[in-house]
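Fold and contact review
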Amino acid sequence: MIWQFEKTSLDHILATFYPDTQIDLLDFACGTGRIMNYFAERTRQAVGVDVSPSMLEVARNNVGKGRIIEADLTREDILGDRKFNLITAFRFFPNAQPELRIQVMRVLRNHLADNGYIVFNNHKNTGSIRNRLARLCGRKKYRGMSTAEISDLLKESNLNVVKVYPLAIFPASEKRPLLPIFILRSLETILGWIRPLRNMGGNLIFVCSRKMN
Ligand SMILES: C[S@@+](CC[C@H](N)C(=O)[O-])C[C@H]1O[C@@H](n2cnc3c(N)ncnc32)[C@H](O)[C@@H]1O
């Protein structure tokens, strides 16, 4: 369900930020190659990096186009001075420890072309409506990442937020969709128009560019 919503946002990102532009993609923490695969048609070059041999084994079978590399870029940056105009990192930051988030974002920024964008998500937004409701119901603290933590991370890495795509504002989940997906899709669009709710998505996709000093 969320992947359906994410794909709509990814399409919008391509149409808005890469019209008629060839894409050189670095997919950080590529896992099984879900994001790389989705962009395959639009990329001139694609590199997927991850530390997990088992995930990469699946990625090598999944991803038709592009290079898959097993590496920990925070320890050994095997990409040298290569630059990419699109860098993605999905389902990585909220799972990582704060120090690792900073190390990774610094590396990603070093590989970002001047006219490029880093696109990452926070699928564990601690400020989401779902999480707020869970807290009200006395559920134990939800681990994830807050919007304030993201602001600090981006500030530290000298990056600007250009656009945020709020997804999963309505507190549905795959296990408990509550409404049919076609209704949820329209509802999400309407909720996304309400400014105070935009930071309350369960999954926020950020598009960031370099801060020019
Ligand atoms: C939940 S998966 C996300 C995969 C993919 N981005 C997606 O959204 O489908 C998280 C991935 O982060 C990878 N990972 C964790 N620490 C990493 C690191 N330091 N460098 C690169 N990848 C890392 C894991 O191996 C795992 O494949």
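These figures come from a predicted structure and were not determined experimentally. (Residues numbered from 1 in each chain as written. Predicted model: local features only at pLDDT ≥ 70, side-chain atom pairs only at ≥ 80, totals over all residues.)

The next subject is the overall build of the chain. Helix and strand counts for the chain come out as 7 helices and 7 strands. Counting helices and strands in the order they occur from the N terminus, the chain gives α-β-α-β-α-β-β-α-β-α-α-β-α-β. The C-alpha atoms of the chain give a radius of gyration of 17 Å, which matches the 17 Å a tight globule of 213 residues would have. Oriented by its inertia axes, the alpha-carbon framework of the chain measures out at about 50 × 35 × 35 Å. Taking all 213 residues of the chain together, the buried fraction comes to 35%. Excluding contacts between residues fewer than 6 apart, the proportion of contacts in the chain whose partners are at least 24 apart in sequence is 66%. (Helix = DSSP H or I, 4+ residues; strand = E, 2+ residues; numbered from the N terminus. Rg over C-alpha atoms; globule rule 2.2 N^0.38 Å. Buried ≥ 20, exposed ≤ 12 C-beta atoms within 10 Å, placed from the backbone. Contact = placed C-beta atoms within 7 Å.)

This part takes up the nonpolar core. Counting 51 residues, the largest nonpolar core has Phe-28, Ile-87, Ala-89, Ile-118 and Val-119 as its most contacted members. What Ile-118 contacts, discounting residues up to four positions off in sequence, is Ile-87, Leu-108, Leu-112, Leu-159 and Cys-208. (Core = buried A, V, L, I, M, F, W, Y, C linked by C-beta atoms within 7 Å.)

Pairing between strand β1 (residues 23–28) and strand β2 (residues 43–50): 6 bridges, direction parallel. Bridging across to β2, Asp-24 finds its partner in Gln-45. Each parallel crossover has a hand, and for β1 linked through helix α2 (residues 34–39) to β2 it is right-handed. Inspection of the sheet shows β1 paired to strand β4 (residues 84–89) by 4 bridges, in the parallel sense. Across the sheet, Leu-25 pairs through a bridge with Leu-86, a residue of β4. (Pairing = 2+ DSSP bridges. Right-handed = clockwise from strand over helix to strand, strands pointing away.)

Here we come to the site of the ligand. Taken together, 15 residues surround the ligand, and among them Ala-29, Gly-31, Arg-34, Ser-52 and Phe-90 come closest. Broken down by secondary-structure element, the contributors of at least two residues to the shell around the ligand are α2 and β2. (Near = placed C-beta within 6 Å.)

With a phi angle near 50 degrees, Asp-20 is a residue other than glycine that sits in the positive phi range. Within the secondary structure layout, Asp-20 lies in the loop between α1 (2–17) and β1. You will see that Arg-91, though not glycine, has its phi angle at about 55 degrees, which is positive. Inspection of the secondary structure puts Arg-91 in the loop between β4 and α4 (98–110).

So, on to the sheet that holds strand β7 (residues 203–210). Reading across the sheet, the 7 strands line up as β3-β2-β1-β4-β5-β7-β6 and stay open at both edges, with mixed pairing between neighbours. Two strands in the sheet have a free side with no partner beyond their single neighbour: β3 (67–70) and β6 (159–167). On average, each strand axis in the sheet is inclined to that of its neighbour by 20 degrees, with strand direction left out of account. (Axes fitted to C-alpha atoms, helices over the stretch in contact; angles between N-to-C directions.)

Relative to the assigned elements, Phe-182 resides in helix α7 (residues 181–192). Using a count of 8 C-beta atoms within 10 Å as the deciding quantity, one classes Phe-182 as exposed. Taking the C-alpha atoms as reference, Phe-182 lies 42 Å from Arg-82; in sequence the two are 100 residues apart.

What follows is about α1. With 16 residues, α1 extends 22 Å between its outermost C-alpha atoms, agreeing within 8% with the 22 Å of an ideal straight helix rising 1.5 Å per residue. Residues Phe-5, Glu-6, Ser-9, Leu-10 and Ile-13 constitute the buried set of α1. In an axial view of α1, the angular spread of the buried residues amounts to 140 degrees, which keeps them on one side of the axis. Facing away from the buried side of α1 by more than 90 degrees, the exposed set consists of Gln-4, Lys-7, Asp-11 and Ala-15. Turning to α1, the residues buried within the fold contact α2, β5 (112–122), β6, α7 and β7. (Expected span 1.5 Å × (residues − 1). Arc of directions from axis to C-beta.)

This paragraph deals with the environment of Ala-59. Take Ala-59: it is sitting in helix α3 (residues 53–62). Contacts of Ala-59, omitting those with residues within four sequence positions, involve Cys-30, Gly-31, Thr-32, Gly-33, Gly-48 and Ile-68.

By themselves these figures say nothing about function.
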